[in-house]
Number of protein chains: 2
Amino acid sequence: MVINMLNIGVLGYGTVGSGVVEVLNTNQESINKKAGNEINIKYVLDLRDFPGDPIQEKIVHDYDVILNDPDVQIIVEVMGGVEPAYTFVKKALQAGKSVCTSNKELVAKHGAELLEIAKSKHINFLFEASVGGGIPIIRPLNQSLTADEIEEITGILNGTTNYILTKMSKEGLAFDEVLKDAQDKGYAERNPEADVEGYDACRKIAILSSLAFGMQVDYEDIYTEGITKITDVDMKYAKALNASIKLFGTSKKVNDEVFAMVSPMMISEEHPLAGVNDVFNGIFVSGNVLGDVMFYGRGAGKLPTASAVVADVVDAAKHLGTNIMTIWSNKKLELSDIKKAKQKFFVRLSGDKNMNIAKVNELFGAVTDVEEVIAGEYAFITGEIAEGEFAQKQSELTNMLNRIRVGF
Amino acid sequence: MVINMLNIGVLGYGTVGSGVVEVLNTNQESINKKAGNEINIKYVLDLRDFPGDPIQEKIVHDYDVILNDPDVQIIVEVMGGVEPAYTFVKKALQAGKSVCTSNKELVAKHGAELLEIAKSKHINFLFEASVGGGIPIIRPLNQSLTADEIEEITGILNGTTNYILTKMSKEGLAFDEVLKDAQDKGYAERNPEADVEGYDACRKIAILSSLAFGMQVDYEDIYTEGITKITDVDMKYAKALNASIKLFGTSKKVNDEVFAMVSPMMISEEHPLAGVNDVFNGIFVSGNVLGDVMFYGRGAGKLPTASAVVADVVDAAKHLGTNIMTIWSNKKLELSDIKKAKQKFFVRLSGDKNMNIAKVNELFGAVTDVEEVIAGEYAFITGEIAEGEFAQKQSELTNMLNRIRVGF
């Protein structure tokens, strides 16, 4: 095998960027063998300097140095955020350089357009690390599940919220307490909104849905609900039901309609995703001939994410001049109104069963009682009911303490 | 996109073969779109005729008809067994036709040679369905985990034995009873040896190990122990330990040595594979930068297996004239002597603790007692000990009832 030198430029020397450098150094020999090329980091773009770090000699502050160097064939974008990443990546692709990115905001917002440019230039725009960190999911969806029509993708896509929910469940602690602990440990950011409100999971399920259904799913269209209203009492009920509460990003085809949503779900302990705990992610895919498969691993972290980025670099190196990505058209997929999606709901009301049952039966018909966990409360699970209808009926319950969607 | 007709020949119209036909019919439109070709089944080779079945008009009894037809570009081999599959596949590849197979015996025995021929002919030999049925594992190992050095692959690779062990555990039944039930349900064959003695799992871990370490691992070299000695009493102890007993195929790199083995393992309920129950398979991979990932799904069955075969056909169709498979050299990987592998063991002796403890301490030093589940027995877990040393010490225990390797 002839080994050629292949130069890459890395945009951003933060957590993932330094991980990419570390992975390329650590497994240099085997990576070069698999890529069929000697992969050389020629430049690292960062606003900062890193005196004393061997990377310093490769640091540039001006993107044009990288963009205009014809020897650079692959750009690794690990800066995060839509801008300037979008401008940089677009220019790179237009200049005929393949791009590998871990940037979910960029892919969710501009994936279809960037894939289109890469295709027209016979190069590649790859983004395995943008969903599920180190878990191989983009490539399997693209290349392995091609005999199937995907009917459902459901994932635990955010490690921070999964860590919080797991700890609340195991230790009986309140949300705020666990969030603080997660922040102290560096698992949650000081401004945790993107995680706990479900925005991060929303971008990821948008990317997965676009790939699964071959059309652009706009994340702004996806109904998104975070975990801030989940309490330690809800966790007690879940345990009594032999269930877990997880934050799901989910996308389902029902007849010819696609529904997508991010929200906490109460799921049976028998569900393949119920065992996905702590900072781990899991992605469950159901195909019309394959049945159910599940992918599990670390959804974030320096080295797992860098491993996925570098695997994309290897793939890009093996396919210089050949576009390998699949169909994700610019055409917008109109998601169906979530109000029509049918769901069961777990509901907690203040006051005991006797005080509530007449009203509950009037609104929901027969319901399934849940074992009493807290005195002076009545909890039940509805039958399947459309989201819109539930919302309207819920507004008639002035004493509702919480409600969580139920997946069993 | 220009759609050309691409003719394939299917060898064998048994369970998987008829599944391949069904999957291609069911998802015809989306498959053709992804393949960039209209995939047409031109021939089906079978010794039998199928009067009344629309397939009958494509049935041929003579392989040479398919082999000598220059219009056939891809051969699907789903006959199973080493011969005549090996002869047919080799001839196909030599004639420049890509081959997609579900045949684990063929791949384990002749994979390296057949990959080599495919490479020299710029065509493809693909075998996603040979391990884990519908679970994408071969392609992820080949194309997604390329930034890593694989340190361990461990799988629940046989659905029949996993069904049996799950049912023994859940219902407290004896092995023979559950085997009979599995046979009645069609989950186990009348001659169940290949499954229950671990031979099937052994071929699969040989294939995975060859791919992970890039060299030929001969399945004959892999120490293999089945599940026939696992009893309902062992299951009771496992439960008391908050553990499961699973049949593992495992392959581990320790320093520069590779150990491989098929054997029942007692694992903690926290292990990602502990939740893999019934006929499901799970494959756990650990990489030096990625950490742990796990793949889960149906390891067998007509449609899941056919889904994987057809995904290979799509890939072969997209890569006519380009070899995409990776490095699995003909060079034999010398596995290290399993006697040197270190392991903990769960051991049951007849007689109570007082009768046994002196001898046990003399042989194994300090051990961890296991809660009494059956009166008149003493059960304990050893510290880490080399397999060879354990075997030798075990021979001094005349009253041993069972011993199971422990993975926690």
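See above for the structure.
Residues numbered from 1 in each chain as written. Chains lettered and ligands numbered in written order. Predicted model: local features only at pLDDT ≥ 70, side-chain atom pairs only at ≥ 80, totals over all residues. Heavy atoms only, no water.

This part takes up the interface of chain A and chain B. Counting residues at the interface gives 41 residues for chain A, matched by 41 residues for chain B. Contact with chain B buries surface across chain A, with Thr146, Val289 and Tyr296 of chain A losing the most and accounting together for 15% of the total. Along the contact surface separating chain A from chain B lie two salt bridges. We note a salt bridge from Glu270 of chain B to Lys170 of chain A, for which the minimum N-O separation is 3.8 Å. If one sorts the elements of the side of chain A that touches chain B by residue count, strand 13 (residues 291–298) of chain A sits on top with seven residues. (Contact = heavy atoms within 4.5 Å. Buried area = accessible area lost by both parts, 1.4 Å probe. Salt bridge = Lys/Arg side-chain N within 4 Å of Asp/Glu carboxyl O. Helix = DSSP H or I, 4+ residues; strand = E, 2+ residues; numbered from the N terminus.)

What follows covers the relation of the copies chain A and chain B. Here two copies of a chain appear, and what relates them is a rotation about an axis with a shift along it. Of the two same-sequence chains, chain A is brought onto chain B (RMSD 0.0 Å, axial shift 0.0 Å) by a rotation of 180°. The superposition operator between the copies reduces to a two-fold rotation axis. Proximity to the rotation axis, assessed at the C-alpha, singles out Phe295 of chain A in chain A; its C-alpha lies 2.4 Å from the axis. Both copies present the same face, since 100% of the interface residues in chain A are matched by interface residues at the equivalent positions in chain B. (Least-squares fit on C-alpha atoms with pLDDT ≥ 70 in both.)

For the structure shown, the criterion picks out 56 salt bridges over all chains. Among the salt bridges present, the one from Lys302 of chain B reaches Glu22 of chain B, with a minimum N-O distance of 3.6 Å. Within this pair, whereas Lys302 of chain B is found in helix 12 (residues 302–318), its partner Glu22 of chain B is found in helix 1 (residues 15–26), the two being separated by 280 residues in sequence. For the salt bridge of Glu220 of chain B with Lys109 of chain B, the shortest nitrogen-to-oxygen distance reads 3.2 Å. Here Glu220 of chain B, found in the loop between strand 8 (215–216) and strand 9 (223–224), pairs with Lys109 of chain B, found in helix 5 (residues 104–120); they are 111 residues apart in sequence, far enough to count as distant. A cluster of three or more residues bridged by salt bridges with shared partners is formed by Glu128, Arg139, Asp312 and Asp315 of chain A.

Further remarks concern the side chain of Lys167 of chain B. All names here are of chain B. The residue Lys167 is located in helix 7 (residues 159–171) in this model. Note on Lys167: relative accessible area 15%, which makes it buried. Those residues in contact with Lys167, other than ones at most four positions away along the chain, are Gly172, Val178, Asp181 and Lys185. (Buried < 20%, exposed > 50% of the residue type's maximum accessible area, 1.4 Å probe, protein only.)

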